[in-house]
Amino acid sequence: MLRVTEIFRSIQGESTHAGRPCTFVRLTGCPMRCVWCDSEYTFTGGDHISLEDVLQQVRNFGCSLVEITGGDPLAQKEAHTLIRQLCDEGFEVLIETGGFFSTEGVDERAAIILDVKCPASNEVERNHWPNLERLRPDLDEVKFVVADRSDWEYALEVIERYELEKRAKAILISPVWDGIDLKELAGWVSTSGKQIRMQLQLHKYIWGPDVHGV
Ligand code: SF4
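**Quick word on the overall build of the protein**
Counting secondary structure elements, the protein contains seven helices and nine strands. The C-alpha atoms of the protein give a radius of gyration of 16 Å, which matches the 17 Å a tight globule of 214 residues would have. Here the C-alpha coordinates of the protein stretch approximately 45 × 35 × 30 Å along the principal axes. Here the protein, with 214 residues, has 49% of them falling under the buried criterion. Within the protein, contacts between residues separated by at least 24 positions form 70% of all contacts whose residues are at least 6 apart in sequence. Surface exposure of the protein reaches about 9,800 Å², of which carbon and sulfur atoms provide 48%.

**Quick word on helix 6 (residues 182-190)**
Among the residues of helix 6, those classed as buried are Leu-185, Trp-188 and Val-189. Down the axis of helix 6, the buried side of the element spans an arc of 100°, and every buried residue falls inside it. Those residues of helix 6 that are exposed and aimed more than 90 degrees away from the buried face are Lys-183 and Ser-190. In this structure, the buried residues of helix 6 make contact with strand 7 (141-146), helix 4 (149-161), strand 8 (170-175) and strand 9 (197-198).

**So, the pairing of strand 4 (residues 65-69)**
Burial of strand 4 is extensive: five of the five residues sit out of reach of the surface. Burial along strand 4 is two-sided: Leu-65, Glu-67 and Thr-69 facing one way and Val-66 and Ile-68 facing the other are all buried. Across four bridges, the pairing between strand 2 (residues 21-27) and strand 4 is parallel. Residue pairing for strand 4: Phe-24 is matched across the bridge by Glu-67. In terms of strand pairing, strand 4 meets strand 5 (residues 92-97) through four bridges, oriented parallel. Paired with Val-66 across the two strands is Val-93, which belongs to strand 5.

**Digging into the pairing of strand 1 (residues 2-11)**
Across three bridges, strand 1 lies against strand 3 (residues 47-49) in antiparallel orientation. Note on strand 3: the bridge partner recorded for Leu-2 is Ile-49. As paired elements, strand 1 and strand 2 share seven bridges and run antiparallel to each other. Its bridge partner lying in strand 2, Phe-8 is registered against Phe-24.

Calculation notes
- Residues numbered from 1 in each chain as written.
- Predicted model: local features only at pLDDT ≥ 70, side-chain atom pairs only at ≥ 80, totals over all residues.
- Heavy atoms only, no water.
- Helix = DSSP H or I, 4+ residues; strand = E, 2+ residues; numbered from the N terminus.
- Rg over C-alpha atoms; globule rule 2.2 N^0.38 Å.
- Buried < 20%, exposed > 50% of the residue type's maximum accessible area, 1.4 Å probe, protein only.
- Contact = heavy atoms within 4.5 Å.
- Areas by Shrake-Rupley, 256 points an atom, 1.4 Å probe, with all protein chains shown as cover.
- Arc of directions from axis to C-beta.
- Pairing = 2+ DSSP bridges.

What follows is the structure, given as C-alpha cells:
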C-alpha cells in the first residue's frame, strides 16, 4: 500500500521536461519543513491505495511521462516498488525528491530531480550530500530554490564544490514563489557564466499558486 495525496494529469511545470504532458503521483509525507514549502497539504492525511490501483490510475491517464513527487516520495519504502514497476511498464519516470533521503536504491531507469536546500529554507543542515555524488549527467537534474542573494551565493558555492555542471544533466535555479524579484534573479543567472537554467513553475502561472491537482 502507498499513502497518496493525489494522482492527476497535467503538464510538467518544472525541469527540462517543462511543458510535457505528465501524470503526477503525489505521495503523502515529508520529514522536512522548508519555510516556503508549497506542498504542506501533503504532510498529513492521504489515502491508502494499493500499488496495483496506483498503477492502474497512471495507466488510465495515458501519459508516457510520470512524476513521483510529494511531500518527499522517498519517505515511503514502497515508492521504490512503484518506481520499478512503472519503469518495467515502459513509463519515463521522474522522481522529485527534497534531498533528505538517500537516492541509493532508486531504480536506475528513473531520473532524479534532486533539491539542494539553501539557507533560507531553514533545512540546509538536512541535505544528504552523497546524493550529489550519485547524479548522472545523462539523466539527473539538481534544483536550487532561491529566496535571496545568500541562497544564490550558496547555490554557486555548492555548484562549484561538487562540480555539478559535469555531474548533472541540468542545474535548475528556481525562485521562491512571490519571494524574490524575478528580474534580479534573471540578472544573476545570465551573468553567472555557469551552465545553469532559471526555471519558473509553469503550472502556477497557468492555474495559480494555490490550486492542487492540475
Ligand atoms: S522537502 Fe519539499 S515537500 Fe518537504 S517541506 Fe521541503 S518543499 Fe515541502
